[in-house]
Structure formats: C-alpha cells, structure tokens
Amino acid sequence: AQSVSQHNHHVILSEAASLELGCNYSYGGTVNLFWYVQYPGQHLQLLLKYFSGDPLVKGIKGFEAEFIKSKFSFNLRKPSVQWSDTAEYFCACRFSFNKFYFGSGTKLNVKP
Amino acid sequence: DAGVTQSPTHLIKTRGQQVTLRCSPISGHKSVSWYQQVLGQGPQFIFQYYEKEERGRGNFPDRFSARQFPNYSSELNVNALLLGDSALYLCASSLTGTTGELFFGEGSRLTVL
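Just so we're clear, the structure is a prediction, and the values are computed from it rather than from any experiment. (Residues numbered from 1 in each chain as written. Chains lettered and ligands numbered in written order. Predicted model: local features only at pLDDT ≥ 70, side-chain atom pairs only at ≥ 80, totals over all residues. Heavy atoms only, no water.)

### What about the side chain of Q37(B)?
Mapped onto the fold, Q37(B) is located in strand 4 (residues 31-37). Within the structure, the side chain of Q37(B) is placed 3.2 Å from the backbone oxygen of Q41(B), a separation counted as a polar contact. The residues touching Q37(B), leaving out its near neighbours within four places in the chain, are Q38(A), F90(A), G42(B), P43(B), A87(B), L88(B) and L90(B). (Helix = DSSP H or I, 4+ residues; strand = E, 2+ residues; numbered from the N terminus. Polar contact = N/O pair within 3.5 Å; in protein donor to acceptor, adjacent residues only side chain to side chain. Contact = heavy atoms within 4.5 Å.)

### Regarding unusual backbone geometry
The omega angle of the peptide bond from S7(B) to P8(B) is -10 degrees, so this bond is cis rather than trans. Positive phi values are uncommon outside glycine, yet K61(A) reaches one of about 60 degrees. Inspection of the secondary structure puts K61(A) in the loop between strand 7 (56-58) and strand 8 (64-68). Residues other than glycine seldom take positive phi values, yet E51(B) does so here, at roughly 50 degrees. For E51(B), the location among the structural elements is in the loop between strand 5 (44-50) and strand 6 (53-57). Judged by relative accessible area, E51(B) falls into the partly exposed class, the value being 27%. (Buried < 20%, exposed > 50% of the residue type's maximum accessible area, 1.4 Å probe, protein only.)

### Considering the interface of chain A and chain B
The interface is formed by 17 residues belonging to chain A together with 21 residues belonging to chain B. Taking both sides of the interface into account, the surface hidden between chain A and chain B amounts to around 1500 Å²; carbon and sulfur atoms contribute 56%. Our count for the contact surface shared by chain A and chain B stands at one salt bridge. A salt bridge links E101(B) to K49(A); the nearest nitrogen and oxygen atoms lie 2.9 Å apart. Between chain A and chain B we count four residue pairs in polar contact (both at pLDDT 80 or more) in total. At the level of secondary structure, the elements contributing two or more residues to the side of chain A that touches chain B comprise strand 5 (32-38), strand 6 (45-50), strand 10 (87-96) and strand 11 (99-102) of chain A. Residues that form the side of chain A that touches chain B fall into these classes: nine nonpolar, five polar and three charged. (Buried area = accessible area lost by both parts, 1.4 Å probe. Salt bridge = Lys/Arg side-chain N within 4 Å of Asp/Glu carboxyl O. Nonpolar A, V, L, I, M, F, W, Y, C, P; charged D, E, K, R; others polar.)

### With respect to the state of the cysteines
By the definition in use, this model includes two disulfides over all chains. Here C23(A) pairs with C91(A) through a disulfide, and the sulfurs are 1.9 Å apart. The S-S bond linking C23(A) to C91(A) shows a torsion near -65 degrees; that makes this disulfide left-handed. Placement of C23(A) in strand 4 (residues 23-26) and of C91(A) in strand 10 is noted, with a sequence separation of 68 residues between them. Each disulfide pairs two cysteine sulfurs, and for C23(B) the partner residue is C91(B), the sulfurs being separated by 1.8 Å. Across the disulfide from C23(B) to C91(B), rotation about the S-S bond amounts to roughly -65 degrees, and the bridge is consequently left-handed. Separated by 68 residues along the polypeptide, C23(B) in strand 3 (residues 19-24) and C91(B) in strand 9 (residues 87-94) bring together distant segments of the chain. Of the two residues examined, C23(B) and C91(B), each falls in the buried class. With no disulfide of its own, C93(A) lies 4.8 Å from the sulfur of C91(A), the closest cysteine sulfur. (Disulfide = S-S within 2.5 Å.)

### Notes on the packing of aromatic side chains
Residues and elements named next belong to chain A. In the structure shown here, the tally under the stated rule is 21 aromatic pairs over all chains. On the basis of an interplanar angle of 45 degrees and a centroid distance of 5.6 Å, the ring pair of F63 and Y89 is categorised as tilted. With F63 in the loop between strand 7 and strand 8 and Y89 in strand 10, this pair connects stretches of sequence that are 26 residues apart. Feature note: the residues Y25, Y27, Y50, F67, F72, F74, F95 and Y101 constitute an aromatic cluster, connected by ring pairs. (Phe/Tyr/Trp six-rings, centres within 6.5 Å; stacked < 30°, edge-to-face > 60°.)

In structure tokens:
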C-alpha cells in the first residue's frame, strides 16, 4: 500500500543551524512529491514540488529538497534556519492522479 | 485574488447530528478535494471532485458524502456524527484534476461532543 513517512515528529534548532527533514514513501511507480508548510494560525502552503527532471528542487524561502529514487526519499533541507521558519512541515506524494498522501508532519521549533 | 475559502471556521455538534461544510475554490480552479486532519496526523484524503463529478474517494464510511456545484464550489456532508469525526476538515482546489499542486483553505474545525 502507498504510504508516506516522516521520521522526525518534533525538531528543535537554534537560528542559523542547518535543517534536514526526512521523508520516505512506499510505491514503486511514478510519483509527484511535495513539501507543504503550515505556519502557526495559517493554512497549508506549498514549499516546493518535484514532478520530473533535476532531482534537486529549490523552493521558496531558501528551502530545497532532493529526490533520491533508489531510496524512495524526498528530504527537505535548509542551510540556515530562521526563527520565522518555526512551523509544521508535511511531506506529500501523489501516487495516483487524484489523491495526495501526506506524512504525519514534523513540528520545527527554531529558537532565536 | 481570493484563495480557497471555507465555512464555517469552527463548529460544535453532538453525536448523531449531521454537518455540512462549504468550500469555494480559487477562481478558475475546477477541482476540489476534501481532507480530514486529526490532531497529530497529516491530512487524509476523503473526496475529489472535478467538473462536478466524483473522481476519487478515500477510505471513509458512507456517512461522508460530498458534491460539487456548477460554480465549482463544494459541500462536504457528514451524517450520524461520531466523536471520532472531530477534526480539521480541509478543502483544497487545483486547476485540473490530475496535475499540479493543491491550494488549501484554512479549514473547518469540527468538534463532536
């Protein structure tokens, strides 16, 4: 069965620290991959997406993610986090044309 | 431009009651999807509608139903509410039914007592 897993449920970092959030999916076929972010009190917003081509994808606010097909992974990275990055981050995959599967989310708390 | 709008934002119901949640997609978007987000979990797919037709259904009981109107707005109905239906219900729109990303509304927070 298709599924998405996020390994870190809660991450605490100091400002300027580097960030990597893990995301793995289980599916052998073609997938579209996404990272969404939910800032406190706001709706889910798209950070970045991968459909095909260059496996290193750059998104908004300095975030990037790398699709590694052999590892079924799509990890999110940022070289230097800011306090304003405090939010919950969701990895999502579209395995079939009309349905997104979401991970359980990672809460990031950045200390100023 | 207005984003995805949902109403009501919060509501409280008792077990056995029925609830209707409403969603207006971004102008020009023809697909609307509904997701349930239980505290501590990621959103779970309930329905997708495209051009007023149901194009997908998640693993939810028949108590859950939805429809899409000619103006592409949508309603989600839940009958015979259970305590476990307490959740944030998210509506998302997309330009087409098969490609692109989802654009989410702020959700309707349902509490069942």
